[in-house]
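# What the coordinates show
Each chain, written out:
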Amino acid sequence: MRHRSPDFWSGLALAALGAYIVAQARGWDYLTDDGPGPGFFPLWYGIAILACSAWLVVFGKSPGANWQGAGRALATWGAVALAVTLVKFIGFALAFGAVAFFIVAVMYRRSPAVAALVALCTVAGFYLVFPLALGVALP
Amino acid sequence: MDIAAGLLHGFALALQPLNLLWCFVGVLLGTIVGIMPGLGPPATIAMLLPLTALMNPAGAIIMLAGIYYGAKYGGSTTSILLNVPGESASVVTCLDGYAMARKGRAGPALGIAAIASFIAGTVGVLGLMLVAPPLAKLALAFSSPEYFALMSLGLAMVVLLAGKSMVKALLAMLVGLWIAGIGTDVFTSQSRFTFGHMELLSGIDFVVVAIGIFALGEVLANMEAREEPQVLPVPKGLRNLLPTMQDLRDCRFAFAQGSVLGFLVGVLPGAGSTIASFISYGVEKAFSKRRDQFGTGVIEGVAAPEGANNSETGGALVPLLTLGIPGSGTTAILLAALVLWGFKPGPLFIAENPGMFWGLVASMYIGNVMLLVLNLPLVPLFAQVLRTPVYVLYPLIVGISIVGVYAGSGSLFDLYLLAGFGLLGYLMRKLDYPSAPLILGLVLGGAMERALRQSLMMSEGHLSILVSRPISAVMLALALVVLCIPLFSRFNTWRLRAMEQEES
């Protein structure tokens, strides 16, 4: 398959979003007795998204992004996403402590002792500042 | 309330001990945020926004505004010592600031940046104080069609916030409009784009999107690199930081033009402080007797852009507070903050909340003095912030983001959205989609749809109401003109060059 620019793929994804918006908006009233309905505005920006993304799919040719290092960013995102999912089951301290440990030990290759210290101090700091000092509940 | 009485009232409010404390906290945080590359004022303000629910609104806006203009002061420190702008508005300061530091003149470069920031920042607040009240009075004649035209003008400014691709900026803005439309339609109670989730019926909180895209997205983008930059040494002692009398004489024109141009550019929504600093640098160079030396460590090359980017802050608050139009990502978040606290920035804002407006103005005068005091003798101390290990900083930002989002809503669902918007923010950076237009669309989307639907109700469905009223017609025509700006190739070439500099 011919190599496509990132604009092609992002344009395609946005075209799908535009099509979804238009399809949804067509199911709602466009005009009512009182004036424009809930479908009026979404229909027009949905069409605009479709038009702009079609332009991007056909004419977009920005050079490919530099994805070197993206693995590190996506791994961090995965850790954060997992942590917010687990907050409900294991609480903020363990979930956030694990993310902090992961960033320090795995991403920045510091020793497990340093990573554990950073994780412990940040979690303790959050408990001191938010629930104790400010009265803000942690997740 | 006339200006003198308003200002006195404002100082009475801003000088209250608690508000002075918030002002100090804001400018201190702003300076630190400005110094740290990779953590900008929009991310910081977005992260702190939920926590301001515990404060009184006057103290909260004083603190958040302090972060906004304080970051402009701090941004120059990294430009001069690291050749890495701490803030996009300080990009052009790298050219002569870093060159001065390499010649052993880091002290005077940092000193002149602080002095220029103080002078121009004060002129910017003066401009805000003089221009905002009459402009707000003029805008009192606005009804729904005018508001719709105003929002259209605000959204048209997207062409100025666009990066390399106008189409991508438009798409980002349209996605912002879509996100703003998620939830229950206020006119008909129809639920829209909720994907069957009860949690989405009340819409997506602006704070979740802002923190996800700015704070989390920025952390993810910064996580790509492992190396930490090297800092040039800062001279110790106040005497070594002060510019000479000759330096000050050389910068007279830079102080004046930076102050005026910065304010004027700031008033134009969408132009922003980066563009203000580039224009001011260009004007300084064009009129300088030693223009061929610019880029090799000329002190006016530091004073002009640093002055302009500080004066721009006062200008940017004019359309925000009088018309409800934010011109940048940061002012969009400030707008959302005001709305969250129950205020309605727009023509009635000053009349209905004189204490808030004049208190903010007075706090900015005080904040600029605080910043001068902080940034001259304490620069060596602030430079130590640059030595904070990133492996400590990034987990902190992630933690504050999570707590900030949860504190606002108490909903775990919002944390999932936060992770989603964090990924979106990162992908937007990688794929060259500017994030400011998305925030602009998100902030203005709901109000724009309301204004359009109310206008069409008034006219029983006739679109002609939008062009038959003079103010509305003029603003729509202006929006059209702004949208056509990219067609003027000379302007576009210049704009793209500024954007490329910002990226490098």
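These numbers were taken from a predicted model, which means no experiment stands behind them.

Moving on, we get to the overall build of chain B. From N to C terminus, chain B includes 24 helices and two strands. Relative to the compact-globule value of 23 Å for 504 residues, chain B shows a C-alpha radius of gyration of 22 Å, a close match. Dimensions of chain B, computed from C-alpha atoms along their principal axes, come out at roughly 70 × 50 × 45 Å. Of the contacts made within chain B by residues no fewer than 6 positions apart, 80% connect residues no fewer than 24 positions apart.

Counting residues in hydrophobic clusters, the biggest one holds 212 residues, and the most contacted among them are Ala46(B), Ile211(B) and Leu418(B). The biggest single contributor to this core is helix α6 (residues 106–138) of chain B, with 17 residues. Counting contributing residues per domain, this core is built from domain 1 (6–59) and domain 2 (70–134) of chain A, each supplying no fewer than three. Residues within four places of Ala46(B) in sequence aside, it is in contact with Val207(B), Ala210(B), Ile211(B), Phe214(B), Ala215(B) and Ile333(B).

All names here are of chain B. For helix α14 (residues 300–323), spanning 24 residues, the distance from its first C-alpha to its last is 35 Å, which sits close to the expected 34 Å at 1.5 Å a residue. The largest bend in α14 is about 25 degrees, located at Thr313. In terms of burial, α14 is largely enclosed, as 24 of its 24 residues are buried. Phi turns positive one or two residues past the end of α14, at Gly324, with a value near 75 degrees.

The next subject is the domain arrangement of chain A. Taken domain by domain, chain A consists of domain 1 (6–59) and domain 2 (70–134). For domain 1 of chain A and domain 2 of chain A, the distance between their C-alpha centres works out to 39 Å.

Once that is clear, we can look at the packing of helix α4 (residues 57–82) of chain B against α14(B). Residues and elements named next belong to chain B. At their nearest, the axes of α4 and α14 sit 9 Å apart, and the two run at 170 degrees to each other. The angle between α4 and α14 places the two elements in the roughly antiparallel class. On the side of α4, the interface is formed by Tyr68, Tyr69, Lys72 and Ser76, while α14 contributes Glu306, Asn309, Asn310 and Thr313. Of the residues belonging to the contact of α4 with α14, the class tally is two nonpolar, four polar and two charged.

Glancing now at helix α21 (residues 436–458) of chain B. Because the α-helix completes a turn every 3.6 residues, residues three or four places apart line up on one side. Residue and element names in this part refer to chain B. End to end, α21 covers 32 Å across 23 residues, agreeing with the expected 33 Å (1.5 Å per residue, within 8%). Taken as a whole, α21 carries its principal kink of about 45 degrees at Gly445. With 17 of 23 residues buried, α21 is to be regarded as a mostly interior element. Note on α21: the residue one or two positions beyond its end, Glu460, has a positive phi of about 55 degrees.

Although it is not a glycine, Arg109(A) adopts a positive phi angle of roughly 50 degrees. Topologically, Arg109(A) is positioned in the loop between α3 (70–107) and α4 (112–134). Unusually for a residue other than glycine, Phe193(B) sits at a positive phi of about 50 degrees. If you trace the backbone, Phe193(B) turns up in the loop between β2 (191–192) and α10 (206–222).

Parameters and conventions
- Residues numbered from 1 in each chain as written.
- Chains lettered and ligands numbered in written order.
- Predicted model: local features only at pLDDT ≥ 70, side-chain atom pairs only at ≥ 80, totals over all residues.
- Helix = DSSP H or I, 4+ residues; strand = E, 2+ residues; numbered from the N terminus.
- Rg over C-alpha atoms; globule rule 2.2 N^0.38 Å.
- Contact = placed C-beta atoms within 7 Å.
- Core = buried A, V, L, I, M, F, W, Y, C linked by C-beta atoms within 7 Å.
- Buried ≥ 20, exposed ≤ 12 C-beta atoms within 10 Å, placed from the backbone.
- Domains from an automatic or database assignment.
- Expected span 1.5 Å × (residues − 1).
- Bend = angle between axes of the 7 residues up to and from the residue.
- Axes fitted to C-alpha atoms, helices over the stretch in contact; angles between N-to-C directions.
- Parallel < 35°, antiparallel > 145°, perpendicular 65-115°, else oblique.
- Nonpolar A, V, L, I, M, F, W, Y, C, P; charged D, E, K, R; others polar.

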